[in-house]
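Next come the chains, spelled out residue by residue.
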Amino acid sequence: MLSRATYQGNAAIADHTHRCSNRFFNSNSISIPHRKSFISSTSAARTGPVLAVATNETKSKQFTYEPSLADRLRLGSMTDDGMSYKEKFIVRCYEVGINKTATVETIANLLQEVGCNHAQMVGFSTDGFATTHTMRKLHLIWVTARLYIEIYKYPAWSDVIEIETWCQSEGRIGTRRDWILRDCATGDVIGRATSKWLMMNQDTRRLQKVADEVRDELSTYFPKELRLAFPEENNGSLKKIAKLEDPAEYSKLGLVPRRADLDMNQHVNNVTYIGWVLESMPQEIIDTHELETITIDYRRECQHDDVVDSLTSYEPIEDAAGLEIHGAANGSATSPKDVNKSFLHLLRLSSDGLEINRCRTEWRKKPASI
């Protein structure tokens, strides 16, 4: 998903509507003026010159900020250089699944939460679209192009994890947000994630390059040197998702968004899509494997009254002669039991078959201790 190449605008993206702007991390996709954390063990007000949001203009007048209760209780703060944000979370009992470990939906929700809190901490716009002053003036918004999550070890109930997030430029038409997940008890990295965002004109619904004026507003608050959650060459976040061919091997038809699936902007929350993708996974894989990576390419948003079909098939692989094998060395009973399984997924509208999301997942054998 998060290829270094720019995202190719196509008809599916071109007819995105304004509702696209709320996909998953829209209220937290960009980091803007960095300030020291307002987290404090007391409620003492702070005074001093501040930076105007998105303009970097130093104000001469003094201003008083009173930390909210949430500011004081939240276990998060900006890093010393002001280029990223870290926050600790306790895994709750209702956030774990049948394995007594956090679900991938829980992980995705926490990524959304830490990104949103990052945006609030640096004083970014609170209109739900994470826009700068110039973006609002030019009627520009952010839309999600891709999300990639890679989990090495799932935290269990009552584990404490720390998530760090930051943003930076991604070519001429996009930005990216990255995350690192750590186990607070050991300091080990237990997961990484990255996402890509594109700029769209709110009125024409067309993608466009990030204007120099907007880039100037943002670049001050990006890491000074390129920092990637996945710096390795040919890493999984770069892998293109192949088209899922009909007929699919597994399907779950007629999925309908619940009221609880709608977020604060009245759109289907991005985490709901992950749940829909997993609904069509074969049960034998769910019983014996755990999700290692998930990549989602976003094509269009679905509305609250849409009906969705979830389709899944084993990902075709090539044998030594370069011939495609559908499932033979991937999902058949004769394949090695410790080999990872990979799948292609498609979420589409039941009414006309239009793609909502295209997805790829990879699954590893569950640890023996589970």
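Here we summarise the structure given alongside this text. The model shown is predicted, which means the values in this text are computed figures rather than measured ones. Within each chain, residues carry numbers counting from 1 in the order of the written sequence. Only residues with pLDDT of 70 or above have their local features reported here, since the model is predicted, and side-chain atom pairs are shown and tallied only from 80 upward, although totals for entire chains, interfaces and linings are computed over all residues. Calculation of side-chain values draws on the structure's entire complement of heavy atoms; hydrogens and water are dropped beforehand.

**Structural notes on the overall build of the protein chain**
Alright, step 1. Strands here mean DSSP runs of E at least two residues long; helices mean DSSP runs of H or I at least four residues long; both are numbered from the N terminus. When you go through the protein chain residue by residue, the secondary structure sums to seven helices and 15 strands.
Alright, step 2. The buried share among the 370 residues of the protein chain stands at 52%.
Alright, step 3. In the protein chain, of all internal contacts separated by at least 6 residues, the share reaching a separation of at least 24 is 74%.
Alright, step 4. Each accessible area is a Shrake-Rupley result for a 1.4 Å probe, and residues are judged covered by the shown protein chains and nothing else. A total of about 17200 Å² of accessible surface is found on the protein chain, and carbon and sulfur atoms cover 51% of it. Exposure classes here rest on a 1.4 Å probe applied to the protein chains alone. A residue is buried below 20% of its type maximum, exposed above 50%, and partly exposed in between. Contact criterion: two residues are considered in contact whenever any of their non-hydrogen atoms come within 4.5 Å of each other.

**Some thoughts on helix H3 (residues 104-121)**
Alright, step 1. Expected span of a helix, by definition, is 1.5 Å for each gap between consecutive residues, and there is one gap fewer than residues. Look at H3: 26 Å from first C-alpha to last across 18 residues, which is about the 26 Å you get at 1.5 Å a residue.
Alright, step 2. In terms of burial, H3 is largely enclosed, as 14 of its 18 residues are buried.

**Some remarks on the nonpolar core**
Alright, step 1. Take the buried residues of types Ala, Val, Leu, Ile, Met, Phe, Trp, Tyr and Cys, join any two whose side-chain atoms come within 4.5 Å, and each joined set is a nonpolar core. Membership of the largest hydrophobic core comes to 46 residues, with the highest contact counts inside it found for Leu-111, Ile-149, Ile-163, Tyr-273, Trp-276, Ile-294 and Cys-302.
Alright, step 2. Ranked by the residues each element gives to this core, the list is headed by H3, at seven residues.
Alright, step 3. Among residues more than four places away in sequence, those in contact with Tyr-273 are Val-268, Tyr-298, Glu-301, Cys-302, Leu-347, Ile-356 and Asn-357.
Alright, step 4. Counting 10 residues, the second largest nonpolar core, distinct from the first, contains Leu-140, Trp-142, Cys-167 and Phe-222.

**Things to note about the pairing of strand E10 (residues 289-298)**
Put simply, side chains in a regular strand alternate between the two faces of the sheet.
Alright, step 1. Among the 10 residues in E10, 10 count as buried, and that is most of the element.
Alright, step 2. Strands were regarded as paired on the criterion that DSSP finds at least two bridges between them. Where strand E5 (residues 140-151) and E10 come together, five bridges link them in antiparallel fashion. Each bridged residue has a counterpart across the sheet, and for Ile-149 the counterpart in E10 is Ile-294.
Alright, step 3. Relative to strand E15 (residues 355-365), E10 runs antiparallel, the two sharing nine bridges. When the bridges of E15 are listed, Ile-294 appears paired with Thr-361.

**Comments concerning the pattern of salt bridges**
Alright, step 1. Salt bridges are counted wherever a side-chain nitrogen of Lys or Arg sits within 4 Å of a carboxyl oxygen of Asp or Glu. If you walk through the whole model with that rule in mind, you get 16 salt bridges.
Alright, step 2. Between Arg-176 and Asp-178 there is a salt bridge whose closest N-O contact spans 2.9 Å. Exposure class is identical for Arg-176 and Asp-178. Each is buried.
Alright, step 3. When the shortest N-O distance is used, the salt bridge between Arg-360 and Glu-362 registers 3.9 Å.

**Here's the deal with the pairing of strand E8 (residues 189-201)**
Alright, step 1. Counting buried positions along E8 yields 12 of 13 residues, so the element is predominantly enclosed.
Alright, step 2. Where E5 and E8 come together, 11 bridges link them in antiparallel fashion. Across the sheet, Leu-147 pairs through a bridge with Ser-195, a residue of E8.
Alright, step 3. When strand E7 (residues 174-183) meets E8, the two strands line up antiparallel, connected through nine bridges. The residue bridging Arg-176 from the neighbouring strand is Lys-196, located in E8.
Alright, step 4. Between the antiparallel neighbours E7 and E8 lie five residues, among them Gly-187 with a positive phi of about 80 degrees.

**Quick word on the environment of Thr-204**
Alright, step 1. Along the chain, Thr-204 turns up in the loop between E8 and helix H5 (212-219).
Alright, step 2. For Thr-204 and His-139, which are 65 residues apart along the polypeptide, the C-alpha to C-alpha distance reads 9.5 Å.

**Digging into the side chain of Glu-290**
Alright, step 1. Its place among the elements puts Glu-290 in strand E10.
Alright, step 2. Using a relative accessible area of 9% as the deciding quantity, one classes Glu-290 as buried.
Alright, step 3. Any pair of nitrogen or oxygen atoms within 3.5 Å is treated as a polar contact; in protein, a donor-acceptor pairing is required on top of that, and neighbouring residues in sequence qualify only through side-chain atoms on both sides. Side chain to side chain, Glu-290 and Arg-364 meet in a polar contact 2.7 Å long.

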